[in-house]
Amino acid sequence: MKRRERQRSRRRWSNEKGAALPLIAGALALLLGLSAFAVDLGWLYLNRARLQRAADAAALAGVIHLPSNTEAVDMDTASAAAANGFPVGGNTSLSWTALDDNKLQVTMGSTAPGFFSRVMGFETFSLSATATAEYVKPVPMGSPSSCFGVGGNMSSSALNNAGLGHCSSFTQN
């Protein structure tokens, strides 16, 4: 009886020859689709990182001209963006805002083409990056006059006789 069951089992499986082919083809198509998605995603990530780097450089280049020289801010932000591979114009936009007299915010936008995503109708992707730079103003050090160190050991009459009378009323740092 066991022999008959084995023969029936063999006949049943013998009718299903080639059933693995559609399964393997479907799995292969799925793997190719996922790898195409990974390539496009990596390309977008790379372009977004490059755009962020260009925005950072533009903010750092332009912040030193605030608050008075806005023409130099325009020129330096655009040239820093172009030096990092994103010339302003065409598909790249750049705008900046002075947040304070020593703080600049730069916003850049660009597009990146898709590779395999074109099959699904996505020709290009919009990317944007924002960077903020702050210029630390110089700290006053020393005395702003030529009187530094004068007057500690001298009497006020000797100070006046030496021609440094203007130093007695000046506050030292």
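The structure under discussion appears in the preceding block.
Here's a quick rundown of the structure. All of these numbers come straight from a predicted model, not from anything done at the bench.

Here the focus is the overall build of the chain. Across its full length, the chain holds 4 helices and 3 strands. For the chain, the N- to C-terminal ordering of α and β elements is α-α-α-β-β-β-α. Across the 173 residues that make up the chain, the buried fraction comes to 21%. Of the contacts formed within the chain by residues at least 6 apart in sequence, a portion of 55% connects residues at least 24 apart. Summed over its atoms, the accessible surface of the chain is roughly 12300 Å², and 59% of this surface lies on carbon and sulfur atoms.

A separate point is the sheet that holds strand β3 (residues 124-134). In space, the 3 strands of this open sheet follow the order β1-β2-β3, with antiparallel pairing throughout. The outermost strands of the open sheet, each flanked by one partner alone, are β1 (93-100) and β3. Mean inter-strand twist for the sheet, computed between neighbouring axes without regard to direction, equals 20 degrees. The sheet contacts of helix α2 (residues 20-62) involve β1, β2 (103-113) and β3, and relative to β3 the element is tilted by about 30 degrees. Running over the sheet, helix α3 (residues 70-83) touches β1 and β2 and is turned about 135 degrees from β1.

Here the focus is the nonpolar core. Ranked by internal contacts, the top residues of the largest apolar core, which has 20 residues, are Leu 51, Leu 104, Val 106 and Met 108. Elements that contribute at least two residues to this core include exactly α2, α3, β2 and β3. Looking at this core, the element that brings in the most residues is α2, giving 6 residues. Leave out the neighbours within four places in its chain, and Leu 51 touches Phe 86, Met 108, Gly 109, Ser 110, Leu 127, Ser 128 and Ala 129.

Turning our attention to the side chain of Asn 102. Position of Asn 102 relative to the elements: it lies in the loop between β1 and β2. Apart from the residues lying within four places of it in its own chain, the contact partners of Asn 102 are Val 63, Ala 133, Glu 134, Tyr 135 and Lys 137.

Over its 14 residues, α3 extends 20 Å from the first C-alpha to the last, a length consistent with the 20 Å expected when each residue adds 1.5 Å. What α3 keeps buried is the set Ala 72, Val 73, Thr 77, Ala 80 and Ala 81. Around the axis of α3, the buried residues are gathered within 155 degrees of arc, so they sit on the same side. α3 presents Glu 71, Met 75 and Ala 83 as exposed residues on the side facing more than 90 degrees away from its buried surface. Taken together, the buried residues of α3 touch α2, β1 and β2.

As for its position among the elements, Ala 129 is in strand β3. Judged by relative accessible area, Ala 129 falls into the buried class, the value being 2%.

Further remarks concern the pattern of salt bridges. Counted according to the given criterion, the structure contains 2 salt bridges. Here Asp 101 ties to Lys 137 by a salt bridge, and the two come within 2.6 Å at their closest N and O atoms. Placement of Asp 101 in the loop between β1 and β2 and of Lys 137 in the loop between β3 and α4 (156-161) is noted, with a sequence separation of 36 residues between them. With its nearest N and O atoms 3.8 Å apart, the salt bridge here joins Arg 118 to Glu 123.

Mapped onto the elements, Arg 53 comes out in helix α2. Sequence separation of Arg 53 and Ala 80 is 27 residues, and the distance between their C-alpha atoms is 10.0 Å.

About the criteria used
- Chains are numbered independently. Their residues run from 1 in the order of the written sequence.
- It should be noted that, the model being predicted, local features are given only for residues of pLDDT at least 70 and side-chain atom pairs only at 80 or more, the latter also being counted only at that level, while totals for whole chains, interfaces and linings use all residues.
- Only heavy atoms go into the side-chain values, all of them from the structure, while hydrogens and water stay out.
- Strands here mean DSSP runs of E at least two residues long; helices mean DSSP runs of H or I at least four residues long; both are numbered from the N terminus.
- Partly exposed residues are those whose accessible area sits between 20% and 50% of the maximum for their type, while under 20% is buried and over 50% is exposed, using a 1.4 Å probe and protein chains only.
- Working rule for contacts: check all heavy atoms of both residues, and any pair within 4.5 Å makes them a contact.
- Accessible surface area values rest on a Shrake-Rupley calculation with a 1.4 Å probe, where residue burial reflects the displayed protein chains alone.
- Here, any two strands with at least 2 DSSP bridges between them count as paired.
- Here the axes come from fitting lines to C-alpha atoms, over the contacting stretch only for helices, and the angles between their N-to-C directions go from 0 to 180 degrees.
- The definition of a nonpolar core used throughout is a set of buried Ala, Val, Leu, Ile, Met, Phe, Trp, Tyr and Cys residues joined through side-chain atoms within 4.5 Å.
- By definition here, a helix of n residues has an expected span of 1.5 Å times n minus one.
- Of all possible arcs, the one meant is that of the directions from the helix axis to the C-beta atoms.
- Each reported salt bridge corresponds to a side-chain nitrogen of Lys or Arg within 4 Å of a carboxyl oxygen of Asp or Glu.

Scope: geometric values only; no functional claims are made or implied.
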